[in-house]
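Residues per chain, in single letters:
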Amino acid sequence: MAHYDTAVIGGGLLGCAIAWHLARAGTRVLIVEKDQVNRHASGQNAGSLHFQLEFRMVEHGDDAARLAARALPLHLDAQRTWAGLEAALGAPCGVALRGGLMLAETPAEVAALDRKAALEREYGLDVQVLGGPQLRELAPYLADTVRAAGHLPGEGKANPRLVTPAFAHAALRHGAELRTGHRVTALHRDGGRWRLSTGDGRSDTADTVVLAAGVWTAELAAMADVRLPVFPVGLTMSATARTAPLLPHLIQHVGRRLSMKQTAEGNVLLGGGWPAKLVTRHGRTDLDRNPELRYESLTGNADAARVVPAVMRLPIIRSWSGMTTLTPDQLPLLGPVPRRPGLHVATGGSAFTLGPTYARLLASTLLGDRPDLPLDDYSPARFGALNFV
Amino acid sequence: MSNPTDVVVVGAGPAGLAAAATLGRHGARVTVVDEQQRPGGQIYRQPPTGHTRTGRRTEAGRALLAEAAAAPHLDWLPDTVAWGVFGTRAGLDDYAGPAPAPGRLRLGVHTPDGGRTLEPAALVLTAGAYDLPVPFPGWTLPGVLTAGGVQTFLKAQGLLPGRRFVLAGGHPLLLVVAAQLVAAGAHVVEVAFSQHLRTLLPGPRDLAAAVGNAAKLAEGAAALRHLRRARVPVRFGTVIRAAHGDPELDGVVLSRVDAAGLPVPGTERTVACDVLALGYGFVPSTELARQAGCAVAWRPAEGGWIVDHDDWMRTSVPGISVAGELTGVAGAEQAEVEGRLAAYGTLQTLGLLDADRAAALARPVRRILARRRRFAAAVLSRFAPDPAALNALVTDDTVLCRCEEVTAGDIRRALCDHPHLGTANAVKLLTRAGMGLCQGRSCQPAVCRLIAEQTGRSPEQIGAFTAQPPVKPVPLASLAAAARQHDDQG
Ligand SMILES: Cc1cc2nc3c(=O)[nH]c(=O)nc-3n(C[C@H](O)[C@H](O)[C@H](O)COP(=O)(O)OP(=O)(O)OC[C@H]3O[C@@H](n4cnc5c(N)ncnc54)[C@H](O)[C@@H]3O)c2cc1C
Ligand SMILES: Cc1cc2nc3c(=O)[nH]c(=O)nc-3n(C[C@H](O)[C@H](O)[C@H](O)COP(=O)(O)OP(=O)(O)OC[C@H]3O[C@@H](n4cnc5c(N)ncnc54)[C@H](O)[C@@H]3O)c2cc1C
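Residues numbered from 1 in each chain as written. Chains lettered and ligands numbered in written order. Predicted model: local features only at pLDDT ≥ 70, side-chain atom pairs only at ≥ 80, totals over all residues. Heavy atoms only, no water.

> Help me understand the sheet that holds strand 5 (residues 106–111) of chain B in this model?
Backbone hydrogen bonds hold the strands of a sheet together, and the pairing may be parallel or antiparallel. The sheet built from 3 strands is open, its strands ordered 4-5-6 (chain B) with antiparallel pairing. The open sheet has two edge strands, strand 4 (81–86) and strand 6 (114–118) of chain B, and neither has a second partner. On average, each strand axis in the sheet is tilted by 25 degrees relative to the strand beside it, whichever way the strands run. For strand 5 of chain B and strand 6 of chain B, the ladder comprises 5 bridges, and the chain directions are antiparallel. In the sheet register, H110 of chain B faces strand 6 of chain B, and the bridge partner there is G115 of chain B. In the packing of helix 10 (residues 295–304) of chain A onto the sheet, contacts are made with strand 4, strand 5 and strand 6 of chain B, and the angle to strand 4 of chain B comes to roughly 125 degrees. (Pairing = 2+ DSSP bridges. Helix = DSSP H or I, 4+ residues; strand = E, 2+ residues; numbered from the N terminus. Axes fitted to C-alpha atoms, helices over the stretch in contact; angles between N-to-C directions. Contact = heavy atoms within 4.5 Å.)

Right under this line is the structure:
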């Protein structure tokens, strides 16, 4: 048994990044991970650094888009953070910010693009809607069906294989402890501290606890007798064989599910929110099994890629599924849990793109500093009436 | 898309042909899918249409091909890749009932006309096996082939892929291929067999098991005699250490090994050749079964990961049966017998055969199978390569994953830097080993052996690369076309 200032539950991007900030500030930190670092969403995602609003945020009309836009201050911060991340961690993370394009093919989509860009500019995000020769010159690889694109020069990609291990390494260098292969099975208050037990009969204490457990966050919160409104969703990714550079930008679509980019190695990655089916067992979602890939998602995602004709001849060599957390309003769930002193949570939203930002803000809360962005919109307290006894 | 197929058989080797013919004869509507142009699988491989046949097919192969050709209700889909099984994992609860409803299983296929699905009530997977790749310095040079690959050249095209051949490895097929090469007029410079002769000589238990399997033993013995007569040196206790040449193979380094199978320093010698054929055994092609969610088991003597099954060849996934090499590498005769058994099991599931009649039909088949399995356990298992001996062939500079050019040293370093990692998937994610066009087929065994050596973890703990669709590369355009096909049909 040992005592820590903070115990972080979850060895994904959020857990490792939070631990890095805390360890760097000289506090005693433990990361507990039930499997291996980067084994889940943080290692499975598309690696998109999208700072424009995503399709899922604009597909449900203007009111929903306006609500989702409340995360835009985080997008702006994330854009700066990623640009300096490799230097800060002293490790390559595959960050490449060569611009992103959000495509529109129909007049209705062009209109949606214009409304989206107007909303983004309100928050200070400089999205330009390009069309005609300007767009062709920037992206000659696009299909003729593409009429316009929202362009943001600071968008791009990072390599999910590298980012979280880099955070973990940096945290370890600053003295954080990492325990993998240990699952937290109990979490409760014990004389002014939190006590967490791992399956092997071992238990440790900490002044503060961070739940950064991805889709398992609700399960952990329940151990502390808290109901958090977070939902797992299954997502699909596909990768082509490597090919010569053909796609410098991050590609998204304003009217359908699509994200596309080319990795440094040359594979084109396809994703964009195509669902995978969560596995159920005895009528309940089984989070310990990877979601089942759906035929419709693989073929639908392939069809959506037609906006870049050159990729259509490439062979798909693998696809995979993963799970990520959504909240009812699509905003992050970030901050202290009401009526559970010392218990904090970080999950939800686009937590690859925004993860480094969430981590920095939550760490400053934990260290007793005032975060430099207001976090009220993301706080668990917004669901208070429903969930905290 | 629905179509009137009861069963899809994936693979038209001996297992698939026997399963399909038996199913068809008992009234099941069967579709046989094979990525090859013509049926036959590995052993009864036929030349592509339009080419003249040069190889000699065995009596058994001819009979089986004729039986399948004559069976009713059989639909052939040649040149077709089966790339994914859908609808088997989610909602496991749904599978409480004994029989899968028609349309429950969905198989994604890529045909010469594009992508589509087949939706049978049952699947019989008989995807066979492929040569175990064995890395050592120089193994990626042009001119370094597998024994199976050389045989394919001979069988499919009647071609000799070089002039001076060295064969190295530890599987009996090596002797058979060497004899075939000699018969085809090739110059076989040497056959290097990794095992010592004394470990290969049969003991009393093996002789008992060999009763009824004499043909199989005789094949190996005949090949050896053939080679001796042609004065081809067959050296036991000898392994390949390196291949040289630029840009193509011009020679190999061989050396002696000690009783543990480890190279003896100072015994290296160079032999000039332009083809090196490696034969260390076979790896079952379990990827489609694993992708479908079928449980697997680790059986090193039978090729590594094999698909678990009951005594009707049914896997852990309802509606999916297996037969042939993916249940453990054991040869063509056993594959054929298992194919028939899988058919009898599937016919019961479909309600086309009652249990008594199935049991009666299966009885003679089971007798043969029991004999084959005894033989396989006693004799073939001693040809299983030893992991430490294979690891000893690998230097830090040796490329393990040739698609992504990841060396053994890269993997060792990754494991040192990340001592908390120790599964095949984690190493893949970290190093890219296994992420290339071959989808990990050529590096997985070596990567897993290295992880085991470095971390002391068991093969079960290390696992395999997760098998995901598409289990074979499929053009993006084919998948996209399939999406449109679905839209059209609502
Ligand atoms: C296919 C896919 C594509 C995506 N694409 C993008 C994208 O392009 N851009 C973007 O911004 N986001 C994307 N996301 C979302 C993004 O990946 C996640 O938001 C982010 O990785 C979340 O990080 P995390 O650390 O919260 O979760 P995770 O990486 O899931 O980490 C949580 C960890 O907690 C551990 N854990 C859980 N329970 C316990 C316990 N009881 N004890 C100990 N440990 C425990 C888990 O094992 C896990 O490792 C995508 C997600 C998926 C699945
Ligand atoms: C290269 C090689 C050479 C061999 N030579 C000999 C020999 O000389 N003597 C001997 O006794 N044994 C030999 N064997 C072993 C022998 O071939 C096998 O024991 C026997 O063929 C096994 O039969 P099977 O039906 O299980 O598989 P196979 O005969 O391998 O048939 C499997 C079939 O499935 C097809 N297939 C696989 N995956 C897919 C997919 N996803 N979609 C569509 N089709 C698919 C393949 O094209 C193949 O035709 C050899 C094996 C190999 C691999």
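> What is the right way to read the interface of chain B and chain A from this model?
Much of the literature gives interface size as the accessible area that the parts lose upon coming together. Listed per partner, the contact involves 48 residues of chain B and 45 residues of chain A. Here chain B packs against chain A, burying approximately 3600 Å² in sum over the two surfaces, 57% of which is carbon and sulfur. For chain B, the biggest contributors to the area lost against chain A are H420, R432 and L476 of chain B; these three give 18% of the whole. Our count for the chain B to chain A interface comes out at 3 salt bridges. If you look at where chain B meets chain A, you find 13 residue pairs in polar contact (both at pLDDT 80 or more). Of all the elements, helix 16 (residues 476–488) of chain B adds the most residues to the side of chain B that touches chain A, at 9 residues. A breakdown of the residues in the side of chain B that touches chain A according to their chemical character gives 23 nonpolar, 14 polar and 11 charged. (Buried area = accessible area lost by both parts, 1.4 Å probe. Salt bridge = Lys/Arg side-chain N within 4 Å of Asp/Glu carboxyl O. Polar contact = N/O pair within 3.5 Å; in protein donor to acceptor, adjacent residues only side chain to side chain. Nonpolar A, V, L, I, M, F, W, Y, C, P; charged D, E, K, R; others polar.)

> In this structure, what is going on with helix 13 (residues 424–431) of chain B? I would like to understand it.
For an α-helix the count is 3.6 residues per turn, leaving residues at separations of three or four pointing the same way. Burial analysis of helix 13 of chain B places 6 of its 8 residues in the buried class, which makes it a mostly covered element. For helix 13 of chain B, every residue scored as buried is listed here: A424, A426, V427, K428, L430 and T431 of chain B. Elements that come into contact with the buried residues of helix 13 of chain B comprise helix 8 (160–173) and strand 19 (315–326) of chain A together with strand 22 (406–407), helix 12 (408–417), helix 14 (444–455) and helix 15 (459–462) of chain B. Phi turns positive, to about 75 degrees, at R432 of chain B, one or two residues after helix 13 of chain B. (Buried < 20%, exposed > 50% of the residue type's maximum accessible area, 1.4 Å probe, protein only.)

> How do you make sense of unusual backbone geometry when you look at a structure like this?
Note: most peptide bonds trans; most residues except glycine with negative phi. Cis geometry marks the peptide bond from D246 of chain B to P247 of chain B; its omega dihedral reads 5 degrees. With respect to the helices and strands, P247 of chain B occurs in the loop between strand 13 (238–244) and strand 14 (251–256). Residue P469 of chain B is joined to P470 of chain B through a cis peptide bond whose omega torsion reads -10 degrees. If you trace the backbone, P470 of chain B turns up in the loop between helix 15 and strand 23 (474–475). Of note, the phi angle at N38 of chain A is positive, near 70 degrees, even though the residue is not glycine. By secondary structure assignment, the location of N38 of chain A is in the loop between strand 2 (29–33) and helix 2 (41–44). When its relative accessible area of 3% is taken as the criterion, N38 of chain A is described as buried.

> Which parts of the structure should I look at to understand the site of ligand 2?
Residues and elements named next belong to chain B. Taken together, 31 residues surround ligand 2, and among them A15, D34, A82, Q151 and E325 come closest. A distance of 3.1 Å is found between a nitrogen atom of ligand 2 and a backbone nitrogen or oxygen belonging to E35. The separation between a nitrogen atom of ligand 2 and a polar main-chain atom of A82 is 2.9 Å. Within the complex, the protein chains bury 93% of what would otherwise be the 980 Å² of accessible surface of ligand 2. (Near = heavy atom within 4 Å. Areas by Shrake-Rupley, 256 points an atom, 1.4 Å probe, with all protein chains shown as cover.)

> Explain the pairing of strand 15 (residues 267–271) of chain A here, please?
Regular strands place side chains that alternate from one sheet face to the opposite one. All names here are of chain A. Among the 5 residues in strand 15, 5 count as buried, and that is most of the element. Neither face of strand 15 is open: one carries N267, L269 and G271, the other V268 and L270, and all of them are buried. Strand direction decides the pairing type here: strand 12 (residues 231–242) and strand 15, joined by 3 bridges, are antiparallel. Residue pairing across strands places S238 opposite L270, the latter belonging to strand 15. The pairing of strand 14 (residues 259–262) with strand 15 spans 4 bridges and is antiparallel. Note on strand 15: the bridge partner recorded for Q262 is V268.

Function cannot be read off these values alone, since they describe shape.
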